[in-house]
Amino acid sequence: MDIEQFFESMPFAQLLGIEVTEVEDGHAEGYIEMREDLSWNSDQVMAHGGVTFTLADTVGGAALVSLVDQPVPTIDMRIDYLNAGTGDLRAEADVVRLGGDVGTVDVDVYAEDDAHIASARGVYKTG
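Right, let's walk through the structure included here. (Residues numbered from 1 in each chain as written. Predicted model: local features only at pLDDT ≥ 70, side-chain atom pairs only at ≥ 80, totals over all residues. Heavy atoms only, no water.)

Right, let's get into the environment of Asp101. Structurally, Asp101 is set in the loop between strand 4 (89-98) and strand 5 (102-110). For Asp101, a relative accessible area of 55% gives the class exposed. Sequence spacing of Asp101 and Met46 is 55 residues, and the spatial spacing of their C-alpha atoms is 37 Å. Residues contacting Asp101, with those up to four places away along its chain left out, are Tyr124, Lys125, Thr126 and Gly127. (Helix = DSSP H or I, 4+ residues; strand = E, 2+ residues; numbered from the N terminus. Buried < 20%, exposed > 50% of the residue type's maximum accessible area, 1.4 Å probe, protein only. Contact = heavy atoms within 4.5 Å.)

The structure is reproduced here in structure tokens:
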């Protein structure tokens, strides 16, 4: 399975403009270019929480897919928002547990100025 192509052809990821830029051995990275229509604030472009969440979920899934070579539906995801997401966003994900039925991934999301804006943990179905 071409993991990067799989995630880039996902309709919702395409709609938002999410790019999976690196996927290997339980690690993934991704990127989204912020635009006015992804903002929650009409005065300043700041990522809507759903945009940050979707970036984390997509990149987290990619990290796990790199190990199981099949799609992994999200079972649960928890996210803590730490700062406002201004500018382009990037996410880094690492698998922390891979079981027969589920896998767990930690994801950190950063703003353009390298500010840590969110920390997430996703649980995905692997079997």
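We now examine helix 3 (residues 49-68). Between its first and last C-alpha atoms helix 3 spans 29 Å; for 20 residues at 1.5 Å apiece the expected length is 28 Å, and the two agree. Where helix 3 terminates, the next one or two residues include Asp69, which has phi positive at roughly 55°. (Expected span 1.5 Å × (residues − 1).)

This paragraph deals with the side chain of Asp88. Its place among the elements puts Asp88 in the loop between strand 3 (74-81) and strand 4. The side chain of Asp88 sits in the buried core without any salt bridge; Arg35 is the nearest counter-charge, 8.9 Å away. In this structure the side chain of Asp88 is engaged in a polar contact, spanning 2.7 Å, whose partner is the side chain of Tyr31. Among the polar contacts made by the side chain of Asp88, one reaches the main-chain amide nitrogen of Met34 at a distance of 2.9 Å. Ignoring any residue separated from it by four or fewer positions in sequence, one finds Asp88 in contact with Tyr31, Ile32, Glu33, Met34, Tyr110, Ala111 and Glu112. (Lys, Arg positive; Asp, Glu negative; His and termini not counted. Salt bridge = Lys/Arg side-chain N within 4 Å of Asp/Glu carboxyl O. Polar contact = N/O pair within 3.5 Å; in protein donor to acceptor, adjacent residues only side chain to side chain.)

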